[in-house]
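Structural description and commentary
So the chains spell out like this:
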Amino acid sequence: MGVLERFEFTLCMPLCMTSIMILSVSLEMVYIILTDPRLAPAPGVGSGVPGLATGSWGPLDPLAVGPAPGLALGAWRALHLAFLAFILGNIIGNLCLFIRRNPSIRGVFLSGRALGQGWGYCYVCESHTPQRCSHCHDCRVCVLRRDHHCVFFGQCVGHANYRYFLCCIAHLWLGLFYAIVLNTEIFMEFLQEGVSLHSVFLLIMPWAMLVTGQVSVSAFWFAFVADTCVVGFLFISAFLLFHLQLLCHEQTTLEWSAGRHGLYNLGWRRNVTELLGQRWYLAWLCPLVPSSLPGDGVSFQFRPLPAHQPTSLF
């Protein structure tokens, strides 16, 4: 089944919004890299942040401050652009492969295949389902080793695409951290000028400042993207930490919420190999690195816990 056939318009909208935000942050980062005088110091170029006017935050207009005269693509700028391209390449590549890899049961089961222990039956799909498989009402299909339905990517996270989901989240975290570092001067300027009602509203509610005509469109966009980087970084940090814990314990989000802990925990190294593949140590670097999964998403090795051993949260 093609990618377009598996998606509805309502499921594509979150993916489109995510892509727009990634593009917006990327464009702001490129703008800072190309205009920040700290990356190419030259006589007569100040140390202020491009787009931050001296004095109040009222005339903030990032697009009003252009590159320094005779600005050349120096070694530092080239290095920053290469690092940004590496991050974007991994985000886009992992996102595309996440969408392309179908984690559902369609085309997986062979006719006459013997049912294993713990199998169930889905009356919606009219098919037998193995352990750790559950039905997604958004995707309208059962998903092998279903973790959760990602509303930002418009598809379920399962056995076939978990590697690309986790690597995409990891590089999103790295990209947002990098964007915050590039935007550090904005917040430093904010602290040096003192906290005023105007500056607080600009950082917290840039939409209100734009509607009331207090700032220009370019100033609003610059502040909005900077705020998005901070909020997104905090959200992605908690989300990534949570999934890294699940990864090391070979556990899905559904199993964690249901209180089923330690059933498939074979040690962190084998757990990582089961989910990221044989070359898991290289899978983080590029989505095109081949790393075959040892399992098929249908049968799993599990370690039953002793009756006297209490289950732990992690």
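Here the structure is a predicted model, which means the values were calculated and not measured. (Residues numbered from 1 in each chain as written. Predicted model: local features only at pLDDT ≥ 70, side-chain atom pairs only at ≥ 80, totals over all residues. Heavy atoms only, no water.)

Describing the overall build of the protein
In terms of helices and strands, the protein carries 11 helices and six strands. Looking at the protein residue by residue over its 314 residues, the buried ones come to 43%. Considering only contacts in the protein between residues 6 or more positions apart, those separated by 24 or more positions represent 63%. Accessible surface, the protein: about 16400 Å² in total, of which carbon and sulfur atoms supply 68%. (Helix = DSSP H or I, 4+ residues; strand = E, 2+ residues; numbered from the N terminus. Buried < 20%, exposed > 50% of the residue type's maximum accessible area, 1.4 Å probe, protein only. Contact = heavy atoms within 4.5 Å. Areas by Shrake-Rupley, 256 points an atom, 1.4 Å probe, with all protein chains shown as cover.)

Some remarks on the environment of Leu15
In this structure, Leu15 sits in helix α2 (residues 9-35). Taking the relative accessible area as the measure of exposure, Leu15 reaches 13% and is therefore buried. As a C-alpha pair, Leu15 and Gln155 span 140 residues in sequence and 9.2 Å in three-dimensional space. Residues contacting Leu15, with those up to four places away along its chain left out, are Leu95, Ile99, Phe152 and Phe153.

Details of the side chain of Ser291
Inspection of the secondary structure assignment puts Ser291 in the segment after α11 (280-283). From its side chain, Ser291 meets the backbone oxygen of Leu276 in a polar contact 2.8 Å long. With sequence-adjacent residues up to four places away left out, Ser291 is seen in contact with Arg163, Leu276, Gly277, Gln278, Arg279 and Trp280. (Polar contact = N/O pair within 3.5 Å; in protein donor to acceptor, adjacent residues only side chain to side chain.)

Comments concerning the layout of surface pockets
Its volume calculated, the largest pocket comes out at about 580 Å³. Thr18, Met21, Leu172, Leu176 and Ile236 are, among the 27 residues lining the largest pocket, the residues nearest its centre. Counting only elements with at least two residues in the lining of the largest pocket, the list comes to α2, α3 (75-100), β5 (148-150), α4 (162-182) and α8 (217-248). A class-by-class count of the residues in the lining of the largest pocket yields 21 nonpolar, six polar and no charged. (1 Å grid on protein atoms, 1.4 Å probe; cavity = no way out; pocket = protein on both sides within 12 Å on 5 of 7 lines; lining within 4 Å. Points joined across faces, edges and corners; volume = space filled by probe spheres on them. Nonpolar A, V, L, I, M, F, W, Y, C, P; charged D, E, K, R; others polar.)

What about unusual backbone geometry?
The backbone of Arg140 sits at a positive phi, close to 60 degrees, despite the residue not being glycine. Considering the arrangement of structural elements, one finds Arg140 in the loop between β3 (134-136) and β4 (141-143). Unlike most non-glycine residues, Glu250 shows phi in positive territory, near 50 degrees. Position of Glu250 relative to the elements: it lies in the loop between α8 and α9 (253-258). Residue Glu250 is classed as buried on the basis of its relative accessible area, which comes to 5%.

Concerning the nonpolar core
Within the largest apolar cluster, 40 residues are counted, with the highest numbers of intra-cluster contacts made by Phe153 and Phe165. For this core, the secondary structure elements donating two or more residues are α2, α3, α4, α8 and α10 (268-276). Per-element tally for this core: the top contributor is α4, with 12 residues. Filtering out sequence-adjacent residues up to four positions away, Phe165 remains in contact with Phe98, His148, Cys150, Phe153, Val157, Phe239 and His243. Counting 11 residues, the second largest nonpolar core, distinct from the first, contains Cys122, Val141, Val143 and Cys156. (Core = buried A, V, L, I, M, F, W, Y, C linked by side-chain atoms within 4.5 Å.)

What to know about the pattern of salt bridges
In the structure shown here, the tally under the stated rule is three salt bridges. The partner of Glu250 in a salt bridge is Arg145, and the shortest N-O contact between them spans 2.9 Å. Taken together, the positions of Glu250 in the loop between α8 and α9 and Arg145 in the loop between β4 and β5 put the pair 105 residues apart, joining distant regions of the chain. Connected via shared salt-bridge partners are Arg132, Arg145, Glu250 and Glu255. (Salt bridge = Lys/Arg side-chain N within 4 Å of Asp/Glu carboxyl O.)

Regarding the state of the cysteines
Scanning the entire structure with this criterion turns up zero disulfides. Free cysteine: Cys122, not disulfide-bonded; nearest cysteine sulfur from Cys142 at 3.4 Å. Here Cys168 stays free of any disulfide, with the sulfur of Cys150 as its closest cysteine sulfur at 8.5 Å. You can call Cys168 buried: its relative accessible area is 1%. (Disulfide = S-S within 2.5 Å.)

Side note on the confidence of the model for the protein
Residue-level pLDDT values for the protein average 79, and 73% of them are 70 or greater. For the protein, helix α1 (residues 3-6) is the element with the lowest average pLDDT, namely 51, and α4 is the one with the highest, namely 95. In the predicted structure, residues 42-71 sits below a pLDDT of 50 and forms 52 contacts with residues beyond four places in sequence or in another chain. (pLDDT = per-residue confidence, 0-100.)

Focus on the packing of aromatic side chains
Scanning the model with the defined rule gives 16 aromatic pairs in all. Here Phe83 and Tyr178 contribute two aromatic rings whose centre-to-centre distance is 5.0 Å and whose plane-to-plane angle is 85 degrees, an arrangement assigned as edge-to-face. One end of the pair, Phe83, is in helix α3; the other, Tyr178, is in helix α4, and 95 residues separate them in sequence. In this structure Phe83 comes out as partly exposed when scored by relative accessible area, which is 33%. Overall, the relative accessible area of 8% leaves Tyr178 in the buried class. An aromatic cluster of at least three residues, connected via ring pairs, comprises Phe98, Phe152, Phe153, Tyr162, Phe165, Phe235 and Phe239. Arg132 extends its terminal NZ or CZ atom over the ring of Phe300, reaching a point 4.8 Å from the ring centre. (Phe/Tyr/Trp six-rings, centres within 6.5 Å; stacked < 30°, edge-to-face > 60°. Lys NZ or Arg CZ within 6 Å of the ring centre and 35° of its normal.)

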